[in-house]
Amino acid sequence: MEIHRHTYYRLIHHGIKSLLVDRLGHFTECEYHEYLCLMTGKSSCFSMSDDELVLTVDNLKEEGYLEDIKRTIPN
């Protein structure tokens with residue numbers, strides 16, 4: 001399956017930003033990379049495989065952090 005990686009990068013960034021604001025009340029790029037590393041073992045989406053990108057988006061969607069933009073999530 002071919003995915004549009006940049007779409008997934010944006011979805012993950014948006015989802016983790018929403019998660020951090022919800023849980024911590026704020027967001028920084030440093031916290032984004034730290035949380036991404038906790039979730040995936042990688043601190044950058046660029047180093048993730050296509051399967052890892054899809055799984056991360058699925059997890060953020062299941063947790064409700066992509067509700068406002070879920071129409072942009074590829075099926």
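Residues numbered from 1 in each chain as written. Predicted model: local features only at pLDDT ≥ 70, side-chain atom pairs only at ≥ 80, totals over all residues. Heavy atoms only, no water.

Caption draft 1: Structural view of the pattern of salt bridges. On inspection of all chains with the given rule, the structure shows three salt bridges. Note that Arg 5 and Asp 50 form a salt bridge whose closest N and O atoms lie 2.6 Å from each other. Within this pair, whereas Arg 5 is found in helix α1 (residues 5-24), its partner Asp 50 is found in helix α3 (residues 50-62), the two being separated by 45 residues in sequence. A salt bridge links Arg 23 to Glu 63, with the nearest nitrogen and oxygen atoms 2.9 Å apart. Here Glu 63 lies in the segment after α3 and Arg 23 lies in helix α1, a separation of 40 residues in the sequence. (Salt bridge = Lys/Arg side-chain N within 4 Å of Asp/Glu carboxyl O. Helix = DSSP H or I, 4+ residues; strand = E, 2+ residues; numbered from the N terminus.)

Caption draft 2: Examining α1 more closely. If you check α1, its first and last C-alpha atoms are 28 Å apart, about what 20 residues at 1.5 Å a residue would give, namely 28 Å. Considered for burial, the residues of α1 that qualify are Tyr 8, Tyr 9, Leu 11, Ile 12, Gly 15, Ile 16, Leu 19 and Leu 20. Here the buried residues of α1 occupy an arc of 165° about the axis, which is enough to place them on one side. Along α1, exposed side chains directed more than 90 degrees from the buried face belong to His 6, Arg 10 and Asp 22. Next to the buried residues of α1 lie α2 (29-40) and α3. After α1 finishes, the residue Gly 25 shows a positive phi value of roughly 85°. (Expected span 1.5 Å × (residues − 1). Buried < 20%, exposed > 50% of the residue type's maximum accessible area, 1.4 Å probe, protein only. Arc of directions from axis to C-beta. Contact = heavy atoms within 4.5 Å.)

Caption draft 3: Up close: the packing of α1 against α3. For the pair α1 and α3, the least separation of the axes is 9 Å and the interaxial angle reads 35°. For the element pair α1 and α3, the recorded crossing hand is left-handed. Taken together, the residues of α3 that come into contact with α1 (itself represented by Arg 5, Tyr 8, Tyr 9, Leu 11, Ile 12, Gly 15, Ile 16 and Leu 19) are Asp 50, Leu 53, Val 54, Thr 56, Val 57 and Leu 60. A class-by-class count of the residues in the contact of α1 with α3 yields 10 nonpolar, two polar and two charged. (Axes fitted to C-alpha atoms, helices over the stretch in contact; angles between N-to-C directions. Left-handed = near helix turned anticlockwise from the far one by under 90°. Nonpolar A, V, L, I, M, F, W, Y, C, P; charged D, E, K, R; others polar.)

Interpretation in functional terms is not warranted from these geometric data alone.
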